[in-house]
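Spelled out from the first residue to the last, the chains are:
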Amino acid sequence: MDAVRIYGGKSLSGQTRIQGSKNASLPILAATLLIDGTCEIENCPDISDVYHMLRLLESLGCQVTREKSLIRVDTGGVAACDMPADSVGVMRSSIMLLGALLARMGTVSMEYPGGCVIGKRPIDQHLCALRRMGVEIIEGREEFQAKAGKLHGAVQELPFVSVGVTENLILAAVLAEGETVICPAAREPEIQALCEFLIKAGGRIQGVGTKRLVIEGVKKLHPVRFRVPADRIVAGTYLTACLCAGGNVFLEDAPCEQMQSVLSCAGALGAGLMVWPDGLFVEGRACNRLADGLVTKVYPGFPTDLQSLFMVAIALSGQDGWIEETVFENRFRIVPELVKMGADIRVEGNRAYIRGDRPLHNTIVEAQELRGGAALVVAALAAEGTGIVRNRHYIDRGYEDITLSLRELGADLELA
Ligand code: EPZ
């Protein structure tokens, strides 16, 4: 079955290594299209979103080989520029190939990547910004064609911060003629990793880590070997597992320097945290009230991808609390499933009000998307009785093996 069975009510004790970052691996794999030759990407997570990205690269003519977490991409044979609809539809991050393919091939046709339960996730800003760089885009009902003779740089004053738009513009600008300015650029660590990869390959990018990126187009990039950083959202997920179930865990390779807002919130909730050079030690459970609530923001603010996880922690803290979601318009899909477990959560617009004094009991719940699915597993660890979380395939998009990692941390669960 496509599910996880969890035997709840046990505290955690153990250690696990944090996998490479999904949201850094995907744009970096797309960026290999800008480089003629073979790039070697280390520490790529073994997850279905990376699998789909590799299939997309192969469908374009790339040779892809994998040795554990080392992926080699040889783009010498790239010929096609039409993306197979089934792969584009399955994974939104295929939109990142748009900028890279335009830079490499000059023309792309692809289906509109679907939205998902957390929001419509349109690509209007991607298309609008690429038009400013000389791309002609003909939009159909199901798909669009994009053509560019030679991409030219542009000043990109964006209406709001978008991770994907920033990534697409970096990929379109790094080989374009002239200079591109992106402001406000997203500052997520994944953007910084993409810039570091491209700079190592010969790209000229200034302002890395700031909200203003200046990219000077170059003629050519050269193949490189690059290591993807650890996944801050996966580390935050297992940190929250300890906040909810209690106990003490060590998260090897946790990128603590990228998790300041998360660590500060976890500390305020009552966790004991010790940052070590090789990871993060966590002990205790959520037991305090977050006086000022929790508001999701673009980096370095609290990440929307950990909002569902911290909703569970607040629901188990014994203290009432509230969360405001400011990035996506529909990211409280986990609420009805938590209510089935006994939680008392009221949603009003983009705010969720959470009672912290309701014990959770295990039952059968349904994951609706990636991070909400992980949050349901974490809730089941702390709830009484045996629970089932269905639709595990959503969770496998971003977590290498959530059952193995949580078992390493002392949890009692199994594939079902
Ligand atoms: C990236 O999505 C991540 N995905 C998401 O992680 C993450 O939640 C999100 O950034 C915010 O941090 C990957 O990196 C693969 P956005 P992205 O463009 O790029 C709206 C996960 O769990 N928008 O920053 O799609 C959009 O609808 C995933 O790993 C437009 O309106 O996010 C959203 O409301 C979930 N028009 C807001 O901007 C556009 O053209 C921010 O989205 C583009 C975006």
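Provided above is the structure to which this section pertains.
Residues numbered from 1 in each chain as written. Predicted model: local features only at pLDDT ≥ 70, side-chain atom pairs only at ≥ 80, totals over all residues. Heavy atoms only, no water.

(A) Broad picture of the overall build of the chain. Of the regular secondary structure elements, the chain holds 14 helices and 23 strands. Overall, the C-alpha framework of the chain stretches about 60 × 45 × 40 Å when taken along its three principal axes. The burial tally for the chain puts 56% of its 416 residues in the buried class. A separation threshold of at least 6 residues defines the contact pool for the chain, and within that pool the share at least 24 residues apart is 72%. As presented, the chain carries roughly 15700 Å² of accessible surface, and 49% of it is formed by carbon and sulfur atoms. (Helix = DSSP H or I, 4+ residues; strand = E, 2+ residues; numbered from the N terminus. Buried < 20%, exposed > 50% of the residue type's maximum accessible area, 1.4 Å probe, protein only. Contact = heavy atoms within 4.5 Å. Areas by Shrake-Rupley, 256 points an atom, 1.4 Å probe, with all protein chains shown as cover.)

(B) Molecular detail of the site of the ligand. Neighbouring residues of the ligand: 23 residues in total, closest Asp124, Ser162, Val163, Asp305 and Val327. Take Ser162: an N or O atom from its side chain is 2.7 Å from an oxygen atom of the ligand. Between the ligand and Val163, the relevant distance is 2.8 Å, taken from an oxygen atom to a main-chain nitrogen or oxygen of the residue. For the ligand, whose unbound accessible area comes to 830 Å², protein coverage reaches 87%. Where the shell around the ligand is concerned, the elements lending two or more residues are α1 (22–31), α5 (124–131), α6 (163–173) and α12 (370–382). A class-by-class count of the residues in the shell around the ligand yields nine nonpolar, seven polar and seven charged. (Near = heavy atom within 4 Å. Polar contact = N/O pair within 3.5 Å; in protein donor to acceptor, adjacent residues only side chain to side chain. Nonpolar A, V, L, I, M, F, W, Y, C, P; charged D, E, K, R; others polar.)

(C) A look at the sheet that holds strand β5 (residues 70–74). Overall, mixed pairing links the four strands, which are arranged β4-β5-β3-β13 in an open sheet. Both edges of this open sheet fall to β4 (63–67) and β13 (225–227), since each of them pairs with a single strand only. Strand-to-strand, the axes of this sheet are offset by a mean angle of 15 degrees, without reference to chain direction. Strand direction decides the pairing type here: strand β3 (residues 38–42) and β13, joined by three bridges, are parallel. Its bridge partner lying in β13, Glu42 is registered against Arg227. Where helix α7 (residues 189–200) meets the sheet, its contacts fall on β3 and β13, and the angle it forms with β13 comes to roughly 160 degrees. (Pairing = 2+ DSSP bridges. Axes fitted to C-alpha atoms, helices over the stretch in contact; angles between N-to-C directions.)

(D) Focus on empty space enclosed by the protein. Following the criterion strictly, the structure yields one cavity of 30 Å³ or more and no others. The calculated volume of the largest cavity comes to roughly 40 Å³. What lines the largest cavity is simply Leu269, Asn288, Arg289, Leu290, Gly293, Ile314, Ser317, Gln319, Asp320, Gly321 and Trp322. Among the residues forming the lining of the largest cavity, the class breakdown is four nonpolar, five polar and two charged. (1 Å grid on protein atoms, 1.4 Å probe; cavity = no way out; pocket = protein on both sides within 12 Å on 5 of 7 lines; lining within 4 Å. Points joined across faces, edges and corners; volume = space filled by probe spheres on them.)

(E) The layout of surface pockets, seen in detail. Volume-wise, the second largest pocket comes out at about 150 Å³. Counting residues per element, the lining of the second largest pocket draws most heavily on helix α14 (residues 402–408), which supplies three residues.

(F) Here's a closer look at the packing of helix α10 (residues 307–315) against α12. At a minimum axis separation of 8 Å, α10 and α12 run at an interaxial angle of 25 degrees. Our classification of the angle between α10 and α12 gives roughly parallel. The interaxial crossing formed by α10 with α12 has right-handed handedness. For the pair α10 and α12, contact is made by Ser308, Leu309 and Val312 and by Arg371, Gly372, Ala374, Ala375, Val378 and Ala379, respectively. Grouping the amino acids of the contact of α10 with α12 by side-chain chemistry returns six nonpolar, two polar and one charged. (Parallel < 35°, antiparallel > 145°, perpendicular 65-115°, else oblique. Left-handed = near helix turned anticlockwise from the far one by under 90°.)

(G) Broad picture of the pattern of salt bridges. Under the definition given, this model contains 25 salt bridges. Here Asp396 ties to Arg392 by a salt bridge, and the two come within 3.5 Å at their closest N and O atoms. A residue pair is termed a helical-turn pair when its members lie 3 or 4 positions apart in one helix, as Asp396 and Arg392 do in helix α13 (residues 392–396) at four residues. Taking the relative accessible area as the measure of exposure, Asp396 reaches 27% and is therefore partly exposed. Taking the relative accessible area as the measure of exposure, Arg392 reaches 15% and is therefore buried. Put simply, Glu40, Glu42, Glu67, Arg72, Arg225 and Arg227 are held in one network by salt bridges that share partners. (Salt bridge = Lys/Arg side-chain N within 4 Å of Asp/Glu carboxyl O.)

(H) Broad picture of the sheet that holds strand β2 (residues 12–17). Ordered by their spatial adjacency, four strands build an open sheet running β2-β14-β16-β15, and the pairing between neighbours is mixed. Since the sheet does not close on itself, it has two edges, and those belong to β2 and β15 (272–276), each with one partner. Recorded for the sheet is a direction-independent mean angle of 10 degrees between the axes of neighbouring strands. Pairing of β2 with strand β14 (residues 247–252) involves six bridges; the strand directions are parallel. Following the sheet pairing, Gln15 is matched in β14 by Phe250. Across the sheet, helix α8 (residues 232–245) is in contact with β2, β14, β15 and β16 (279–283); its angle to β14 comes to roughly 170 degrees.

(I) Just α8, in detail. An ideal rise of 1.5 Å per residue puts 20 Å on 14 residues; α8 measures up with 20 Å between its terminal C-alpha atoms. Within α8, 14 of the 14 residues are buried, which leaves it mostly tucked inside the rest of the structure. Near the N-terminus of α8, the side chain that reaches the backbone nitrogen of Ile233, with its oxygen 2.9 Å away, is that of Asp231. (Expected span 1.5 Å × (residues − 1).)

(J) Focus on the environment of Ala245. Examined against the element boundaries, Ala245 turns out to sit in helix α8. The exposure class of Ala245 is buried, given its relative accessible area of 5%. Distance in space between the C-alpha atoms of Ala245 and His222 is 48 Å, their sequence separation being 23 residues. Ignoring any residue separated from it by four or fewer positions in sequence, one finds Ala245 in contact with Lys10, Ser11, Leu12, Arg285, Leu381 and Ala382.

(K) Seen up close, the state of the cysteines. Per the stated rule, a full pass over the model turns up zero disulfides. No disulfide involves Cys39; its nearest neighbouring cysteine sulfur is the one of Cys62, lying 10 Å away. Residue Cys39 is classed as buried on the basis of its relative accessible area, which comes to 0%. Distance from the sulfur of Cys244, which forms no disulfide, to the nearest cysteine sulfur (Cys242) is 9.2 Å. (Disulfide = S-S within 2.5 Å.)

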